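Here is how the chains run, residue by residue.
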Amino acid sequence: MLNYRRDSLKHGSWPKLVLGGVAVGLVAYLGAYFSCESGPRQGGDWAASINGTEIPTRLFLTTARNIDQRYREMFGENYEQFKQQAQIGTQAIQMLVERELVLQVASRRVLVVSEEEVGEKLRGTACVQDPCNGDFVGKQRYGQAVSRIHPGGVTAFELDLRNEFLMDKWTD
């Protein structure tokens, strides 16, 4: 019986077909695995996704650059020695993920930031105050000042203020 099986393996065509099918399947699998166009980031430009909310890559890069700049200022000439240990990318993504999680939990707990609270926090921001008397600079100058310091413009700036205030309420 064993000799019969050996002969059928040597002279039969089915082992070659099976090996050929395995080879084609392996090439297809590895080709799809290492393809540049496949993977989880194909659908959008995001660095992380938390409960369906995406953190944009641009925000991640801006946060990482800000952390990097702070460390450069703190360590000065010694920064290059510290850079590998700092793991700036990891710190940036952890900070953004924690922030988003806090915002999601705070919104589920029905913490609300009113327009008055945002306005009060906004009035305390230096970019909207006249340097001479401390009064509000006006809507046009406010829009110009915010556009210079915040890439998303007035709407994004005020949303960030609202989120910052929401996080402050959550931590208190």
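This is a predicted model, so every value here is computed, not measured. (Residues numbered from 1 in each chain as written. Predicted model: local features only at pLDDT ≥ 70, side-chain atom pairs only at ≥ 80, totals over all residues. Heavy atoms only, no water.)

### With respect to the nonpolar core
Link 1 in the chain: Ranked by internal contacts, the top residues of the largest apolar core, which has 13 residues, are Ile55, Ile67, Tyr71, Ala86, Ile88 and Ala92.
Link 2 in the chain: Looking at this core element by element, the count peaks at four residues for helix H3 (residues 57-75).
Link 3 in the chain: Each residue touching Ala86, except ones within four places of it in the same chain, is listed here: Tyr71 and Gln91. (Core = buried A, V, L, I, M, F, W, Y, C linked by side-chain atoms within 4.5 Å. Buried < 20%, exposed > 50% of the residue type's maximum accessible area, 1.4 Å probe, protein only. Helix = DSSP H or I, 4+ residues; strand = E, 2+ residues; numbered from the N terminus. Contact = heavy atoms within 4.5 Å.)

### Quick word on a nonpolar patch on the surface
Link 1 in the chain: Taken together, the side chains of Leu26, Tyr29 and Leu30 make up a nonpolar region of the molecular surface, amounting to roughly 310 Å² of accessible area.
Link 2 in the chain: In this fold, Tyr29 is placed in helix H2 (residues 14-33). (Patch = residues over 30% accessible without salt bridge, like charges linked within 9 Å, V, L, I, M, F, W, Y side chains within 5 Å. Areas by Shrake-Rupley, 256 points an atom, 1.4 Å probe, with all protein chains shown as cover. Salt bridge = Lys/Arg side-chain N within 4 Å of Asp/Glu carboxyl O.)

### Notes on unusual backbone geometry
Link 1 in the chain: Positive phi values are uncommon outside glycine, yet Asn51 reaches one of about 50°.
Link 2 in the chain: Within the element layout of this structure, Asn51 appears in the loop between strand S1 (46-50) and strand S2 (53-56).
Link 3 in the chain: A positive phi angle, close to 45°, is found at Gln87, a residue other than glycine.
Link 4 in the chain: By the element assignment, Gln87 lies in the loop between helix H4 (79-86) and helix H5 (88-108).

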